[in-house]
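Read off the chains here:
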Amino acid sequence: MVVQWYPGHMTKAKRQMQEDIKLIDLVIELVDARIPLSSRNPDIDEIGKHKARLILLNKADLADDHKTAAWADYFKEKGFFVARADSRNKGNMKAISQVIQEACKEKTERDRKRGIKNRPVRAMIVGIPNVGKSTFINTYAGRACAKTGNKPGVTKGKQWIRLNKSVELLDTPGILWPKFEDQQVGLHLACIGSVKDEILNTEELSMELIRLLLSQYPGVLQQRYEVAETEEASAILMEIAKNRNCIKRGEELDYGKAAGLVLEEFRSGKLGKITLEFPAKEA
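Residues numbered from 1 in each chain as written. Predicted model: local features only at pLDDT ≥ 70, side-chain atom pairs only at ≥ 80, totals over all residues. Heavy atoms only, no water.

### Observations concerning the overall build of the protein chain
Next up, step 1: For the protein chain, the count of helices and strands is 12 helices and six strands.
Next up, step 2: Put simply, the protein chain has 283 residues, and 52% of those count as buried.
Next up, step 3: Working note: accessible area of the protein chain is about 13,800 Å², and carbon and sulfur atoms make up 47% of it. (Helix = DSSP H or I, 4+ residues; strand = E, 2+ residues; numbered from the N terminus. Buried < 20%, exposed > 50% of the residue type's maximum accessible area, 1.4 Å probe, protein only. Areas by Shrake-Rupley, 256 points an atom, 1.4 Å probe, with all protein chains shown as cover.)

Take a look at the structure:
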């Protein structure tokens, strides 16, 4: 299936980020730990060059722990500071604060030599739609500063948020890039909900996800839905519809409802801790 989504406000948001970057000490890039490479906007490296960089592997609570550790090593080798996060969990935030201070150590030292004390680190939060930026900000700040929603496109404009005496954050809208050169990237983004479901064929998408799970996590579908994993993805979706009583009027199977169920249960972690990319294959 072909996936593309680039609404007009994203062009404006990218231009605004290019303007604001001169005010910034640190770029905090949230990626989805289930697809760390696919959820990185390639434009961010250009926008954030010459700035300290932190990759936050968000939604790590939904991802395969072994693969998350491998991704953390992968990004550290590329020169990034790295931290894992579950943006809803306040318990993560102390460790993330320490990484932020470490990432900005040189800047703090330069300030000290110039006689500038206690100037807060100015960090820009960037990432694709629905990666959890606003939830992270609210959890970090301990209050509702940013509007949240479990769908892409909630944050439309920028806003400065003073988290504490040492960190100020600039929240930015989630932006994709105009064209996914690799359709596997588009597929991964659609699977995690960073592309609006309304513009997708969710039945086709769910079958693509089923194929990925059969290949990478054999046994997961059988355990969750009591289906045989020896069949084609379309036959498995049919069995899921039967077993979960996804029925339209007239006793016809409702494939759309079954597809939505598979996608929702993957996205919410009900299928288990799953990561769709592994760095050894990407490096």
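### Thoughts on the side chain of Glu265
Next up, step 1: By the element assignment, Glu265 lies in helix 11 (residues 255–267).
Next up, step 2: Within the structure, the side chain of Glu265 is placed 2.8 Å from the side chain of Tyr225, a separation counted as a polar contact.
Next up, step 3: If sequence neighbours within four positions are ignored, Glu265 has contacts with Arg224, Tyr225, Arg244, Lys270 and Leu271. (Polar contact = N/O pair within 3.5 Å; in protein donor to acceptor, adjacent residues only side chain to side chain. Contact = heavy atoms within 4.5 Å.)

### Details of the sheet that holds strand 1 (residues 26–32)
Next up, step 1: On the basis of which strands lie adjacent, the open sheet formed by six strands has the order 3-2-1-4-6-5 and mixed pairing. Edge strands, defined here as strands with exactly one partner in the open sheet, are strand 3 (81–84) and strand 5 (159–164). Each adjacent strand pair in this sheet contributes to an overall mean axis angle of 25°, direction not counted.
Next up, step 2: Pairing of strand 2 (residues 52–58) with strand 3, which is carried by four bridges, proceeds in the parallel orientation. Each residue of the ladder has a partner; that of Leu57, found in strand 3, is Arg84.
Next up, step 3: Here helix 4 (residues 93–103) sits on the sheet in contact with strand 1, strand 2, strand 3, strand 4 (121–127) and strand 6 (167–171), set at roughly 175° to strand 3. (Pairing = 2+ DSSP bridges. Axes fitted to C-alpha atoms, helices over the stretch in contact; angles between N-to-C directions.)

### What about the packing of helix 8 (residues 202–216) against helix 10 (residues 233–243)?
Next up, step 1: Between helix 8 and helix 10, the shortest axis-to-axis distance is 9 Å and the interhelical angle comes to 105°. The angle between the axes of helix 8 and helix 10 places the two elements in the roughly perpendicular class. Of the residues in helix 10, those touching helix 8 at Glu203, Ser206, Met207, Ile210, Arg211 and Leu214 are Ala233, Ser234, Ile236, Leu237 and Ile240.
Next up, step 2: Tallied by class, the residues present in the contact of helix 8 with helix 10 amount to seven nonpolar, two polar and two charged. (Parallel < 35°, antiparallel > 145°, perpendicular 65-115°, else oblique. Nonpolar A, V, L, I, M, F, W, Y, C, P; charged D, E, K, R; others polar.)

### What about the packing of aromatic side chains?
Next up, step 1: Applying the stated criterion across every chain yields a total of five aromatic pairs.
Next up, step 2: Here the aromatic rings of Trp71 and Tyr74 are separated by 5.1 Å at their centres, their planes lie at 80°, and the arrangement is edge-to-face. Placement of both Trp71 and Tyr74 in helix 3 (residues 65–77) is noted, with a separation of three residues, approximately one turn of the helix.
Next up, step 3: Arranged with centres 5.5 Å apart and planes meeting at 75°, the rings of Phe136 and Tyr140 form a pair that is edge-to-face. Highlighted residues: Phe136 and Tyr140, both in helix 6 (residues 133–141), separated by four residues, approximately one helical turn. When sorted by exposure, Phe136 lands in the same class as Tyr140, which is buried.
Next up, step 4: By way of ring pairs, the aromatic residues Trp71, Tyr74, Phe75 and Phe80 are connected into one cluster.
Next up, step 5: Positioned above the aromatic ring of Phe266, the side-chain terminus of Arg34 is 5.4 Å from the ring centre. (Phe/Tyr/Trp six-rings, centres within 6.5 Å; stacked < 30°, edge-to-face > 60°. Lys NZ or Arg CZ within 6 Å of the ring centre and 35° of its normal.)

### Regarding the nonpolar core
Next up, step 1: Formed by 63 residues in total, the largest nonpolar core has its most connected members in Leu26, Ile28, Ile96, Ile100, Phe136 and Ile240.
Next up, step 2: Excluding residues within four positions of it along the chain, Leu26 makes contact with Ala52, Arg53, Leu54, Ile100, Ala103, Cys104, Val121, Arg122, Ala123 and Met124.
Next up, step 3: The next biggest cluster of nonpolar side chains, apart from the first, holds 12 residues, and it includes Ile55, Trp71, Tyr74 and Phe80. (Core = buried A, V, L, I, M, F, W, Y, C linked by side-chain atoms within 4.5 Å.)

### As for the pattern of salt bridges
Next up, step 1: Evaluated as defined, the whole model comprises 24 salt bridges.
Next up, step 2: Between Asp111 and Arg119 there is a salt bridge, with its nearest N and O atoms 3.6 Å apart.
Next up, step 3: Here Arg119 falls in the partly exposed class, since its relative accessible area comes to 37%.
Next up, step 4: Between Glu264 and Lys270 there is a salt bridge, with the nearest N and O atoms lying 3.7 Å from each other.
Next up, step 5: Judged by relative accessible area, Lys270 falls into the partly exposed class, the value being 44%.
Next up, step 6: Because the salt bridges share partners, they merge into one network encompassing Asp25, Lys107, Asp111 and Arg119. (Salt bridge = Lys/Arg side-chain N within 4 Å of Asp/Glu carboxyl O.)

### Here we look at the side chain of Arg267
Next up, step 1: With respect to the helices and strands, Arg267 occurs in helix 11.
Next up, step 2: A polar contact is formed between the side chain of Arg267 and the backbone oxygen of Ala190, at a distance of 2.8 Å.
Next up, step 3: The contacts of Arg267, once residues within four sequence positions are left out, are Arg34, Leu62, Ala190, Cys191, Ile192, Gly193, Asp197 and Leu205.

### Brief notes about helix 8
Next up, step 1: Compared with an ideal rise of 1.5 Å per residue, which puts 15 residues at 21 Å, helix 8 spans 21 Å between its outermost C-alpha atoms and is within 8% of the ideal.
Next up, step 2: Inspection of helix 8 places Leu205, Ser206, Met207, Glu208, Leu209, Ile210, Leu212 and Leu213 among the buried residues, and these make up the whole buried set.
Next up, step 3: The inward-facing, buried residues of helix 8 contact helix 7 (183–192), helix 9 (220–225), helix 10 and helix 11.
Next up, step 4: One side-chain oxygen at the N-terminal end of helix 8 lies 3.2 Å from the backbone nitrogen of Glu203; it belongs to Asn201. (Expected span 1.5 Å × (residues − 1).)

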